[in-house]
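Here is how the chains run, residue by residue.
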Amino acid sequence: YKRQALTVLIVFVLPVLVHQILHARRRASRWLYAALLMVNLLAIVTTYSRGGFIAMIGVLAMLAYVHRRRLHPRYAGILICASLLVASAMAYTMPANFWQRQISLVAWDDGSLNRRSSYLTVAFDTIPENPVWGTGPDTFPNIYFASETAKLHRIRGKVEARRAHNTYMEVLVGTGFAGFTIFMAMLWLSFANFARALAIARAAGSSESLLSLISSYRLALLGLLGYLMIFSSVQHKFLLLSIALSQIALYISRKEKAYREPQPQGQSGRGRVAPRERTVD
């Protein structure tokens, strides 16, 4: 669980670090954030997480797509050198068994993958028994422990209570379709808040820094939602933080729009003075 928690931290913080690199005011700060980005990329090795490595690649690919307009030809050499440096550092520091563990994803006889599939088997067998209200929050480990499937996938000869390693499945089993619908609506609303905030800020002509910041947190939430498919934590701090940040981003974008909109002229014939450009770090 500790390794997965570290992986969540790495996946979530990558977009924010890239934003800081692009919009830090001081060159020293940019180098500091670049170093932190390198540390996080290399830290994924210590987790030995196959899903985390895939999630990291996915977030990096989305970052490249989001910031594709910044990839000017004059920066191509710098980008290539930086990519080669990161690849060399990762190849030098990663032990051989790390790559062997990644390759095991395609091995059908892998014990860990078989156990994870057994969690889904138990979940699909349990859902029809309590489809509406579920079996109760956080009850999946006990359900799995009492199942016949768990006896076939013992760990060191013992039957253990295991989580589903899938937040969505645990919510569906524990709270049924009623709770699952509310949970998914909450996640959709949070993601939609970021999208609406970005659209409002862009229409208001907000600074590039604010647009990048909102986009970074939206991408961080997207990476987190993807990783929750292999990680069980309904009340994870980054998930709760993202829900709050989505509402804050919407509030700030609306205030920015109201600040930049011209006010109707009064009887004196004087309008509002155009605001100065504001940046958000």
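Residues numbered from 1 in each chain as written. Predicted model: local features only at pLDDT ≥ 70, side-chain atom pairs only at ≥ 80, totals over all residues. Heavy atoms only, no water.

### Section: the overall build of the chain
Scanning the chain from terminus to terminus reveals 11 helices and zero strands. Starting at the N terminus, the α and β elements of the chain follow one another as α-α-α-α-α-α-α-α-α-α-α. Counting every position in the chain, which comprises 281 residues, the buried fraction comes to 40%. Considering only contacts in the chain between residues 6 or more positions apart, those separated by 24 or more positions represent 72%. (Helix = DSSP H or I, 4+ residues; strand = E, 2+ residues; numbered from the N terminus. Buried < 20%, exposed > 50% of the residue type's maximum accessible area, 1.4 Å probe, protein only. Contact = heavy atoms within 4.5 Å.)

### Some details on the pattern of salt bridges
Within this structure, the stated rule accounts for three salt bridges. E148 serves as the salt-bridge partner of K151, at 3.4 Å between the closest nitrogen and oxygen. A residue pair is termed a helical-turn pair when its members lie 3 or 4 positions apart in one helix, as K151 and E148 do in helix 8 (residues 148–152) at three residues. K151 sits in the partly exposed class, given a relative accessible area of 38%. Judged by relative accessible area, E148 falls into the exposed class, the value being 56%. Of the charged contacts in the structure, one is a salt bridge between R163 and E170, with a shortest N-O distance of 3.1 Å. (Salt bridge = Lys/Arg side-chain N within 4 Å of Asp/Glu carboxyl O.)

### Examining the nonpolar core
Counting 53 residues, the largest nonpolar core has F140 and I214 as the members making the most contacts within it. Only helix 1 (2–23), helix 2 (27–47), helix 3 (50–66), helix 6 (111–126), helix 7 (140–146), helix 9 (167–203), helix 10 (208–227) and helix 11 (237–260) provide two or more residues apiece to this core. Per element, the largest residue contribution to this core is 12 residues, and it comes from helix 9. For F140, the contacting residues outside a window of four places in its chain are Y119, V122, A123, R162, R163, A164, E170 and V173. (Core = buried A, V, L, I, M, F, W, Y, C linked by side-chain atoms within 4.5 Å.)

### Quick look at the packing of helix 9 against helix 10
In contact at an axis separation of 9 Å, helix 9 and helix 10 are set at 165 degrees when each is read in the N-to-C sense. Comparing their axes, helix 10 and helix 9 come out roughly antiparallel. Of the two elements, helix 9 crosses helix 10, and the hand of that crossing is left-handed. Touching Y168, L187, S190, F191, F194, A195, A197, L198, A201 and R202 of helix 9 are L210, L211, I214, S215, Y217, R218, L221, L222 and L225, all from helix 10. A class-by-class count of the residues in the contact of helix 9 with helix 10 yields 15 nonpolar, two polar and two charged. (Axes fitted to C-alpha atoms, helices over the stretch in contact; angles between N-to-C directions. Parallel < 35°, antiparallel > 145°, perpendicular 65-115°, else oblique. Left-handed = near helix turned anticlockwise from the far one by under 90°. Nonpolar A, V, L, I, M, F, W, Y, C, P; charged D, E, K, R; others polar.)

### Looking at unusual backbone geometry
Backbone geometry follows two general trends: most residues other than glycine have a negative phi, and most peptide bonds adopt the trans configuration. Positive phi, close to 65 degrees, is recorded for D138, a residue that is not glycine. Following the sequence through the fold, D138 ends up in the loop between helix 6 and helix 7. For H165, which is not glycine, the phi dihedral falls at a positive 55 degrees. On the secondary structure map, H165 appears in the loop between helix 8 and helix 9. On the basis of relative accessibility, which here comes to 15%, the residue H165 falls in the buried class.

### Brief notes about helix 2
End to end, helix 2 covers 31 Å across 21 residues, agreeing with the expected 30 Å (1.5 Å per residue, within 8%). Two residues or fewer past helix 2, Y48 is found with a positive phi of approximately 55 degrees. (Expected span 1.5 Å × (residues − 1).)

### Focus: the environment of G134
Its place among the elements puts G134 in the loop between helix 6 and helix 7. It is 8.5 Å that separates the C-alpha atoms of G134 and V171, two residues lying 37 residues apart in sequence.

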